[in-house]
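Fold and contact review
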2 protein chains.
Amino acid sequence: MSDAQPRSLPLEGVRVLDLGQVYQVPYATFLMAQAGAEVIKVEPLEGEPVRRRFNVSRGAGIPLALLNSGKKAITLNLKSDKGKQMLLDLVKHVDVVVENFRPGVMDRLGLGVDVLRAQNPRVIVGSASGYGQTGPDRDQPAMDITIQAASGLMSATGFPDGPPVKAGPAVADFLSGTHLFGAVTTALYRRERTGEGATIDIAMLETAIPALASNLGAYFGPNPPAVDRTGNHHGGYAVAPYNVYALKDGYLAIICINDGHWQRLCAAMGKPELADDPDYRDMATRAKNMARTDGVVEAWTNALTRDEALALGQEFGFPCSPVKTIGEMLQDPHLWERGMFHKQDHPDIGDITVLASPLRFDGEKGKDPGFFPGLGEHNDEVFGEWLNLSKDEIKALRDDGVI
Amino acid sequence: MSDAQPRSLPLEGVRVLDLGQVYQVPYATFLMAQAGAEVIKVEPLEGEPVRRRFNVSRGAGIPLALLNSGKKAITLNLKSDKGKQMLLDLVKHVDVVVENFRPGVMDRLGLGVDVLRAQNPRVIVGSASGYGQTGPDRDQPAMDITIQAASGLMSATGFPDGPPVKAGPAVADFLSGTHLFGAVTTALYRRERTGEGATIDIAMLETAIPALASNLGAYFGPNPPAVDRTGNHHGGYAVAPYNVYALKDGYLAIICINDGHWQRLCAAMGKPELADDPDYRDMATRAKNMARTDGVVEAWTNALTRDEALALGQEFGFPCSPVKTIGEMLQDPHLWERGMFHKQDHPDIGDITVLASPLRFDGEKGKDPGFFPGLGEHNDEVFGEWLNLSKDEIKALRDDGVI
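Residues numbered from 1 in each chain as written. Chains lettered and ligands numbered in written order. Predicted model: local features only at pLDDT ≥ 70, side-chain atom pairs only at ≥ 80, totals over all residues.

Moving on, we get to the overall build of chain A. A tally of helices and strands in chain A yields 18 helices and 12 strands. Across its three principal directions, the C-alpha atoms of chain A cover 80 × 45 × 45 Å. Scored against the burial criterion, the 403 residues of chain A give a buried share of 58%. Excluding contacts between residues fewer than 6 apart, the proportion of contacts in chain A whose partners are at least 24 apart in sequence is 67%. (Helix = DSSP H or I, 4+ residues; strand = E, 2+ residues; numbered from the N terminus. Buried ≥ 20, exposed ≤ 12 C-beta atoms within 10 Å, placed from the backbone. Contact = placed C-beta atoms within 7 Å.)

Okay, structure coming up:
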């Protein structure tokens with residue numbers, strides 16, 4: 001990466017009205033904010049669900065900090081006529097509106113796409129939901145865990161002789177949030193070219209399915225597996241070695257994506273002759289002899305410590321990694337060096353470690369994302385500057401339960 | 001979604017040179033192709049690794065079809081001087097170059113960012129890798145499973161008393177591919193505004209970390225859990241009910257994200273009095289009494305079939321879903337209605353079911369993504385039209401092992 005010269009932030013000048021809640025849309029707008037957009041987070045007067053989790057514990061509320069850093073926050077009672085009108089007034093000032101209410105809620109509030117577009121013909125309206133804005137299941141309430149269940153993702157996670165397990169992280173939320181981000185920036189690009197606004201429909205269910213590519217391959221093959229889950233093996237049992245192997249002091253993930261990796265692993269194991277052995281020499285044969293291939297590798301890892309295994313992986317050059325705990329990952333010098341984490345002393349909650357955006361442009365390191373905003377922290381600024389309301393008018397709105 | 005009027009495809013006119021392999025970059029360019037970009041997939045003469053998996057089995061190769069539909073494919077020997085020169089000539093014709101070789105490979109080939117930009121000052125160069133283009137671990141080879149291990153994702157998946165498990169799908173590959181897509185479209189937007197090209201650095205490791213938001217919250221809380229994995233519970237034990245419960249004939253995922261959901265679940269269970277019970281009435285209390293909360297719910301699900309549970313979920317309105325197998329998901333009428341799947345009779349491999357893009361613009365349904373290209377299928381077209389090579393010149397390149 002040779003060009004670290006500072007440039008304009010890519011989304012500088014873009015204004016986003018963010019009605020999002022929990023993880024899906026807030027992550028999309030976190031990426032926008034970190035890329036330079038001005039994001040206004042609109043919350044009900046009691047705060048969005050994750051903000052309310054500070055009532056459960058500090059840790060339960062921390063995701064609010066991680067996903068909303070660098071945004072501005074306003075409150076607005078969208079069930080009041082005045083609140084709706086103020087939202088419509090704000091829409092005139094923005095490029096993008098995003099929301100992840102249940103499909104139909106915006107329409108029932110009188111804030112459907114046509115109403116928003118009547119305020120601002122160029123606006124890009126991005127909706128994300130569990131099942132999408134159309135189809136027989138569109139009205140089903142959904143969250144990450146239910147979509148992991150409905151998409152086959154959960155059926156494909158865990159060991160073949162055990163129950164289905166969800167992926168620990170909220171991967172359906174984050175996959176769909178990232179898709180929404182990409183769809184919005186795609187629409188922004190088109191708008192620059194053609195002047196057209198856009199309506200975007202992201203279904204969490206659909207964004208989870210492509211990630212099942214290996215599993216879908218197995219399903220479409222001549223002998224679909226009886227159970228979808230393959231433990232730590234390749235989802236289609238098509239690659240070997242591909243597994244997590246026990247070390248003296250932990251676990252090591254190893255994958256050989258081609259015969260070159262396998263040859264280097266054989267050299268690392270001190271058994272270079274296996275590279276030419278007819279039982280192991282090519283991917284098809286190793287995949288057929290998967291249990292034996294795993295047995296050879298694990299006999300070797302069983303005698304190694306993590307440090308020894310990692311050193312051999314680096315010396316011989318095949319993909320491997322110890323299974324790190326979250327605590328270990330958070331201390332990874334590589335991630336700190338790249339600027340992925342930043343320590344903050346936040347005015348409301350004190351010392352926290354927050355995340356940079358994983359989108360890195362123009363050779364720059366990850367940067368401090370800024371503080372997350374308090375509930376309604378930017379009411380005066382946004383309502384004052386955008387809507388030209390006086391301090392007295394803003395106070396009256398507060399007294400009336402509108403903001 | 002009220003506007004289904006046809007518009008220009010959002011990335012119409014964008015040309016992409018795709019050096020990607022396996023899942024990460026091919027998924028990013030699949031999204032680009034389906035949004036209207038012209039994507040030229042560049043492969044070595046023996047094909048990219050997933051194409052070679054057709055040698056293992058038909059099913060092992062199917063992911064190539066799923067992720068490369070609608071692209072054009074050329075072959076190019078980048079280790080030959082002539083092949084390199086031809087790549088540089090192609091770069092003059094495109095808006096975007098994307099690649100996911102190991103960091104340093106493009107430089108060693110003499111195809112680093114500066115060289116590409118010298119050909120085309122406006123080009124957007126997007127690189128995706130396991131650990132990123134900088135930092136102490138940048139040279140580590142990496143694939144989805146090793147990044148699941150290194151990111152904490154695997155440590156956070158599985159049951160607390162069991163071993164770490166990978167998420168079945170290749171979520172690290174697809175999260176990073178989707179981030180790359182969004183970064184490229186963001187850079188395209190900026191280029192329209194300012195004329196600037198861009199250099200993009202996406203690290204699979206970093207794109208996996210935000211999805212751990214719940215788990216990170218627990219880690220930063222006053223009592224970090226001894227083990228990162230929480231089975232099918234919320235990653236921070238902050239939400240209850242949040243689990244997968246045994247039915248008479250399968251499993252049901254249920255989540256109550258707020259007290260309203262819990263009240264409706266209590267009504268569905270025929271126990272409306274639990275909504276006000278001091279042991280369960282708010283999220284903090286239910287999270288504290290998680291085992292008892294789960295016990296109440298599972299006593300109810302144990303006596304239900306899938307169909308009965310789903311009907312009650314719909315009637316009372318709380319988020320739930322049966323755990324579907326991949327086979328069941330592939331028959332979901334909702335997904336077919338929305339156009340997520342398309343049957344094709346492919347000229348090379350016969351009947352297959354392929355995926356539409358999950359990005360839906362302007363009220364349109366998911367569309368047939370087109371056929372996936374054969375190895376080098378578009379050599380004549382691309383080298384002929386873009387580089388003005390004659391049929392004889394193309395034949396000579398083929399004979400010389402350049403294409």
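This part is about the interface of chain B and chain A. Contacts between the two partners involve 138 residues from chain B and, on the opposite side, 138 residues from chain A. With 17 residues, the single largest contributor to the side of chain B that touches chain A is helix H8 (residues 171-194) of chain B. Across the side of chain B that touches chain A, the residue classes tally to 77 nonpolar, 41 polar and 20 charged. Sheet analysis places strand E12 (residues 360-361) of chain A next to strand E6 (residues 198-203) of chain B, joined by 2 bridges and oriented antiparallel. Counterpart to Arg360(A) in the pairing with E6(B) is Asp201(B). (Nonpolar A, V, L, I, M, F, W, Y, C, P; charged D, E, K, R; others polar. Pairing = 2+ DSSP bridges.)

Here the domain parsing of chain A yields domain 1 (15-210 + 373-399) and domain 2 (232-323). Of note, the centres of domain 1 of chain A and domain 2 of chain A, computed from C-alpha atoms alone, are 43 Å apart. (Domains from an automatic or database assignment.)

All names here are of chain A. Here 3 strands make up an open sheet; going across it, the order is E7-E8-E9 and the pairing antiparallel. Two strands bound the open sheet, and with one partner strand each, they are strand E7 (242-247) and strand E9 (320-322). Averaged over all pairs of adjacent strands, the angle between strand axes in this sheet comes to 20°, irrespective of strand direction. Where E7 meets strand E8 (residues 250-255), 6 bridges bridge the pair, whose relative direction is antiparallel. Of the residues in E8, the one forming a bridge with Tyr245 is Leu252. The sheet contacts of helix H13 (residues 290-301) involve E7 and E8, and relative to E7 the element is tilted by about 30°. Where helix H14 (residues 306-316) meets the sheet, it contacts E7, E8 and E9, and its direction lies at approximately 160° from that of E9. (Axes fitted to C-alpha atoms, helices over the stretch in contact; angles between N-to-C directions.)

Bringing the sheet that holds strand E5 (residues 124-129) of chain B into the picture now. Reading across from one edge, E12(A)-E6(B)-E5(B)-E4(B)-E1(B)-E2(B)-E3(B) is the order of the 7 strands in this open sheet, with mixed pairing throughout. A strand with exactly one partner marks an edge of an open sheet, and here the two such strands are E12 of chain A together with strand E3 (72-75) of chain B.

What follows covers the relation of the copies chain B and chain A. Rotating chain B by 180° and translating it 0.0 Å along the rotation axis places it on chain A, where the RMSD comes to 0.0 Å. What the superposition gives is, in effect, a two-fold axis relating one chain to the other. (Least-squares fit on C-alpha atoms with pLDDT ≥ 70 in both.)

To continue, consider the pairing of strand E4 (residues 96-99) of chain A. All names here are of chain A. With burial as the criterion, each face of E4 is covered, one bearing Val96 and Val98 and the other bearing Val97 and Glu99. With 3 bridges connecting them, strand E1 (residues 15-18) and E4 associate as parallel partners. Following the sheet pairing, Leu17 is matched in E4 by Val97. Direction of pairing for E4 relative to strand E5 (residues 124-129): parallel, over a ladder of 4 bridges. From the neighbouring strand, Val97 faces E5, where its bridge partner is Val125.

In this section: helix H10 (residues 213-220) of chain B. Buried residues dominate H10(B), accounting for 8 of its 8 residues. Taken together, the buried positions of H10(B) are occupied by Ala213(B), Ser214(B), Asn215(B), Leu216(B), Gly217(B), Ala218(B), Tyr219(B) and Phe220(B). Check the buried side of H10(B) and you find it contacts helix H3 (58-68), helix H15 (326-329) and strand E11 (350-355) of chain A.

Turning to unusual backbone geometry, a few remarks are in order. Residue and element names in this part refer to chain A. For the bond running from Ala240 to Pro241, omega is -5°, close enough to zero to count as cis. Structurally, Pro241 can be placed in the loop between helix H10 (213-220) and E7. A positive phi angle, near 60°, is found at Val22, a position not held by glycine. For Val22, the location among the structural elements is in the loop between E1 and helix H1 (24-34).

Residues and elements named next belong to chain A. Of all 6 residues in E5, 6 are buried; the element is thus mostly enclosed. Residue alternation in E5 divides its side chains into two sets, Ile124, Gly126 and Ala128 and Val125, Ser127 and Ser129, and both sets are buried. Across 6 bridges, the pairing between E5 and strand E6 (residues 198-203) is parallel. Residue pairing for E6: Ala128 is matched across the bridge by Ile202.

All names here are of chain B. For helix H11 (residues 259-268), every residue scored as buried is listed here: His261, Trp262, Arg264, Leu265, Cys266 and Ala268. For H11, the secondary structure elements touched by its buried residues are helix H12 (283-288) and helix H14 (306-316). Just downstream of H11, Gly270 is the residue with a positive phi angle, here 75°.

In this structure, Val184(A) and Val184(B) are the most contacted members of the largest nonpolar core, which totals 260 residues. With residues up to four places along the chain from it excluded, the contact list for Val184(B) reads Ala28(B), Val96(B), Val98(B), Ile124(B), Gly126(B) and Ile200(B). (Core = buried A, V, L, I, M, F, W, Y, C linked by C-beta atoms within 7 Å.)

Looking at chain A, the pLDDT average stands at 95 and 99% of residues meet or exceed 70. Reported confidence for the predicted complex is 0.97 by ipTM and 0.97 by pTM. (pLDDT = per-residue confidence, 0-100.)

Residue placement: Thr353(B) occurs in strand E11 (residues 350-355). Setting aside anything within four residues of it in sequence, one finds Thr353(B) in contact with Phe220(A), Phe341(B), His342(B) and Lys343(B).

Quick look at the environment of Gly313(B) now. Topologically, Gly313(B) is positioned in helix H14. Separated by 58 residues in the primary sequence, Gly313(B) and Phe371(B) place their C-alpha atoms 40 Å from one another.

To continue, consider the environment of Leu175(A). With respect to the helices and strands, the residue Leu175(A) is situated in helix H8 (residues 171-194). Along the primary structure Leu175(A) and His334(A) are separated by 159 residues, whereas in three dimensions their C-alpha atoms are 24 Å apart. With residues near it in sequence (within four places) discarded, Leu175(A) still touches Thr207(A), Ala208(A), Ala211(A), Phe174(B), Leu175(B) and Thr178(B).

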